[in-house]
Amino acid sequence: MQQLDANKLGALGAMIRDRTEASLQELSPSAAAVLSMLHFKPGLTTTDLAEIVGVSQPTAVRLIDGLERQALIVRGKPKGRVTPLTLTQSGHCQVRQMQALRLAMLDGLLSALQPDERQRFVSMLDKILAGATTSRAFARTTCRLCEHDLCGVEVCPIGCRAAEIEKEESVR
């Protein structure tokens, strides 16, 4: 890859990161990921969330404690040594606002493209995302801020590739 192309990709990455972080409002990226995951997959545990968000168990506990103090998360009834977590109504509202703002900000970034250019870009993006996917764990971590209602199993290039990898590994 030429250095100029790498610079352009780096600039695009910075723009995407900046817009994504702005959409999180007052939340850290890790806290936003915890809320987002619980919005779409209620009942996850602290251990589940630590793995998905990519933080240590003690950090996950501190994140969850803070979100609980903000009345965004509630701990469920313990089941053995694990406690399922769910969002409060305020937590769900926070995620919906965050997702809408994130999608609007990123859509604005793509507004420079004509509809046919945008379609080609999305097709290439699907290929890049699928090509970078290495496992189901990678998929969960990568998609931690995704709006899972928009990107279902059948259309998500990352989820589809993760399923292919799992199938290939089960054949071996």
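Read on for an overview of the structure. Everything numeric in this text was worked out from a predicted model, so none of it was measured.

## So, the layout of surface pockets
Then step 1. Taken as a whole, the largest pocket encloses approximately 1500 Å³ of empty space.
Then step 2. As for the largest pocket, its lining consists of 38 residues, and the residues nearest its centre are Arg102, Leu106, Leu125, Leu129 and Cys146.
Then step 3. Elements supplying a minimum of two residues to the lining of the largest pocket: α1 (3-23), α5 (89-110), α6 (115-132), α7 (136-142) and α8 (157-171).
Then step 4. The biggest single contributor to the lining of the largest pocket is α6, with nine residues.

## Observations concerning the packing of α6 against α8
Then step 1. Between α6 and α8, whose axes approach to 8 Å, the crossing angle comes to 35 degrees. As for how α6 packs across α8, the hand of that crossing is right-handed. For the pair formed by α6 and α8, the contact residues are Asp126, Leu129 and Ala130 on the first element and Pro157, Ile158 and Arg161 on the second.
Then step 2. Along the lines of polarity and charge, the residues of the contact of α6 with α8 split into four nonpolar, no polar and two charged.

## Notes on the nonpolar core
Across soluble globular proteins, nonpolar side chains have a tendency to be buried as a group.
Then step 1. Membership of the largest hydrophobic core comes to 23 residues, with the highest contact counts inside it found for Leu27, Val34, Leu35, Leu38, Leu49, Leu67 and Ile73.
Then step 2. Counting only elements with at least two residues in this core, the list comes to α2 (29-40), α3 (46-53), α4 (57-69), β2 (85-87) and α5.
Then step 3. Looking at this core element by element, the count peaks at seven residues for α2.
Then step 4. For Leu27, the contacting residues outside a window of four places in its chain are Ala32, Leu35, Leu67, Gln94 and Met98.
Then step 5. With five residues, the next largest nonpolar core counts Cys143, Cys156, Ile158 and Ala162 among its residues.

Quick notes on the rules
Residues numbered from 1 in each chain as written. Predicted model: local features only at pLDDT ≥ 70, side-chain atom pairs only at ≥ 80, totals over all residues. Heavy atoms only, no water. 1 Å grid on protein atoms, 1.4 Å probe; cavity = no way out; pocket = protein on both sides within 12 Å on 5 of 7 lines; lining within 4 Å. Points joined across faces, edges and corners; volume = space filled by probe spheres on them. Helix = DSSP H or I, 4+ residues; strand = E, 2+ residues; numbered from the N terminus. Axes fitted to C-alpha atoms, helices over the stretch in contact; angles between N-to-C directions. Left-handed = near helix turned anticlockwise from the far one by under 90°. Contact = heavy atoms within 4.5 Å. Nonpolar A, V, L, I, M, F, W, Y, C, P; charged D, E, K, R; others polar. Core = buried A, V, L, I, M, F, W, Y, C linked by side-chain atoms within 4.5 Å. Buried < 20%, exposed > 50% of the residue type's maximum accessible area, 1.4 Å probe, protein only.

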